[in-house]
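The lines below spell out each chain.
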There are 2 protein chains.
Amino acid sequence: MRDPRTSRPTLETVARLAGVSRATVSRVVNGSTAVTPRVQEAVDRAVEQLGYVPNPAARSLVSRRTDSIALVVPEPATRMFSDDAFFPGILRGIGQELEAADKQLVLLLASTPASHERITRYLRGRTVDGVILASLHGADPFPTELMAMGMPVVTSGRPLGRGAALAPYIDVDHAGGVRAAVEHLLARGRTRVATIAGPQDMIAGIERLAGYRDAIAAAGMRSIVEIGDFTRESGMAAMRRLLDDEPGIDAVFVASDLMADGALRVLRQAGRAVPGDVAVIGFDDAATSRYSEPPLTTVRQPIHEIGRTLAQQVLRLAAGDEVDDALILPTELIVRESA
Amino acid sequence: MRDPRTSRPTLETVARLAGVSRATVSRVVNGSTAVTPRVQEAVDRAVEQLGYVPNPAARSLVSRRTDSIALVVPEPATRMFSDDAFFPGILRGIGQELEAADKQLVLLLASTPASHERITRYLRGRTVDGVILASLHGADPFPTELMAMGMPVVTSGRPLGRGAALAPYIDVDHAGGVRAAVEHLLARGRTRVATIAGPQDMIAGIERLAGYRDAIAAAGMRSIVEIGDFTRESGMAAMRRLLDDEPGIDAVFVASDLMADGALRVLRQAGRAVPGDVAVIGFDDAATSRYSEPPLTTVRQPIHEIGRTLAQQVLRLAAGDEVDDALILPTELIVRESA
DNA sequence: TTGAAAGCGCTAACAC
DNA sequence: GTGTTAGCGCTTTCAA
């Protein structure tokens, strides 16, 4: 008496019902071409009738594939979790591609140093075919560690390791977007353009600041820089410092919309009209940017594309193919009322 | 010549090095007590030396455990993805508990009807020990299907199925929170209290509206209801209708902060002072609520707790224990300037 | 307390 | 084109 809850049909069961061997059933189930249509049909019928679903553990044990990909997210991921749309967007992009490839997504949240170790351990078990690393901070050892153990890895954003073997990465053209923003400001006649930059241990923070410096230098102007950490609060604090130290500024490029929203509030409190007195441009095209006061001119990055591309690349790597060391997706200036 | 990338040490390898049998190594690795300290040490040393990590597929094949839990999220999950903090918050709560239990999280995004089927199929493969269902819409057949196949299931929010076997669920005290909000309004002398409700095919939408109706009825007042879908835009549209149809209102309870933010904008545009002319209370305590104009009085739900509790319950279920049919977590009124 | 041995359900040579 | 067979690495009786 088999309890359907605990004892599911196996290849053997299907084989008997279809009157063929296990191997043949396996071939049909795995879509091998070398099977007579008649037999194929018989097997399909038996599979259908029994509600057969392959046991992934057994399959994985012998095939050494797991058909799943891990996404590792450092939990205090300011960027991931502060921008309201970033994380869900990336996730949906990844999900879409993995679904198309019939792979599963294993989410690994790394909160503490202890979880870092736990994750490494888990990945050593080879329970996934590849790893996507998101939102790295500083010179995170993760990519190098994983590559050392032969694990296919792709990172979101250029890894900051120096010297170590770098994992292939996907990123957006931060600097290009910022240049477009600053040039827009300059073209409209702004002459004292400051920036509120992001944290300098994250590639997004670094590159956006670099883009600003480039554009300012190219215009023969002076850089005016305050650093925030991508949160609204830090944007407010930075804007206050800017107003104190450089009251003459007439424009500011802010490295994230959340910080820009904070900056907007401070400017309002300080009685500076935006964009009349001070023009403001943000980065991210976060939902909040459309509803700030005034609506924020910002730089949009193709979030969904980033997710899709990340997934495509790991899958390629996991399949043993070569991939580009770097893939840079374009950004786009979205002009609204604030500049 | 073994390539360390492809051929990892097995129980056998460890056993030979430690001079014991595979069974003994297995016992040590799985923390069995019935092993001599001397032997235990020898095995631990061998494990350490070889960097042995058990092969989960092999383990799962025989033990029939997978040590992983699935989180199923319907992708057009308005609530999950519109409130900036909800999804990440739940995720962190779940992640924390699973980490403590050394389980993995498999994320299943259900975008289309096709993915619904794919997910069912996947879960039939018993690749996870339990399932958490998030943000169901309408009478979603998922919980019943999963329970029918003997899968441990817990849902976030009371399932809306009628008659069918209901999965145990975790939810917050929506109605209680709303009652507190409406009573706060009434206590401050408001006499025409309207509501902008959420979608009526989601439990959060339904219960929050029910709480409003209760409180209004208890006060012997008339319900004034507009329906939104939890997005800012729908909140704006609903507020406009309210202003048109019931210009005399002096307060409105809005079923989500995002909608409330929209309502605030419309009120501002209409020249109605908040809270002077119209008091506004939201729900969710979303990040945006602290920064709206004016800051929003709202109902806070313990998001992180929800996540943790969801995880705790599936784990319990997966371990074969009984769990409560329903767990309702408290909500709390957060008073800010808008009411 | 420890070891030997029997599988878990599947894939992949290899033979026919 | 199809079947036979040998494991994949592990847990778990059952004996000793």
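Right above here is the structure, for reference.
Keep in mind it's a predicted model, so treat the numbers as computed, not measured.

Cut-off values and rules
- Residues numbered from 1 in each chain as written.
- Chains lettered and ligands numbered in written order.
- Predicted model: local features only at pLDDT ≥ 70, side-chain atom pairs only at ≥ 80, totals over all residues.
- Heavy atoms only, no water.
- Axes fitted to C-alpha atoms, helices over the stretch in contact; angles between N-to-C directions.
- Helix = DSSP H or I, 4+ residues; strand = E, 2+ residues; numbered from the N terminus.
- Parallel < 35°, antiparallel > 145°, perpendicular 65-115°, else oblique.
- Contact = heavy atoms within 4.5 Å.
- Nonpolar A, V, L, I, M, F, W, Y, C, P; charged D, E, K, R; others polar.
- Pairing = 2+ DSSP bridges.

Draft legend 1. Structural detail: the packing of helix 2 (residues 22-29) of chain A against helix 3 (residues 37-50) of chain A. Residues and elements named next belong to chain A. Contact geometry of helix 2 with helix 3 gives a least axis separation of 10 Å together with a crossing angle of 85°. Taken together, the axes of helix 2 and helix 3 are roughly perpendicular relative to one another. On helix 3, the residues touching T24, V25, V28 and V29 of helix 2 are V39, Q40, V43, D44 and V47. Its residues placed into classes, the contact of helix 2 with helix 3 shows six nonpolar, two polar and one charged.

Draft legend 2. Representation of the sheet that holds strand 2 (residues 104-110) of chain B in the model. Read from one edge of the open sheet, twelve strands run 11(A)-5(A)-4(A)-3(A)-1(A)-2(A)-2(B)-1(B)-3(B)-4(B)-5(B)-11(B), paired in mixed fashion. Only two strands of the sheet have a single neighbouring strand rather than two, namely strand 11 (326-329) of chain A together with strand 11 (326-329) of chain B. On average, adjacent strands in this sheet sit at an angle of 25° to one another, irrespective of strand direction. In this structure, strand 4 (residues 153-156) of chain B lies alongside strand 5 (residues 169-172) of chain B, joined through two bridges in parallel fashion. The residue of strand 5 of chain B that forms the bridge with B:S156 is B:I170.

Draft legend 3. Expanded view of the packing of helix 1 (residues 11-18) of chain B against helix 2 (residues 22-29) of chain B. Residues and elements named next belong to chain B. The geometry of helix 1 relative to helix 2 is characterised by a closest axis approach of 8 Å and an angle of 100° between their N-to-C directions. Here helix 2 runs roughly perpendicular to helix 1, going by the angle between their axes. Each of L11, E12, V14 and A15 in helix 1 lies in contact with helix 2, whose residues at this interface are R22, V25 and S26. Along the lines of polarity and charge, the residues of the contact of helix 1 with helix 2 split into four nonpolar, one polar and two charged.

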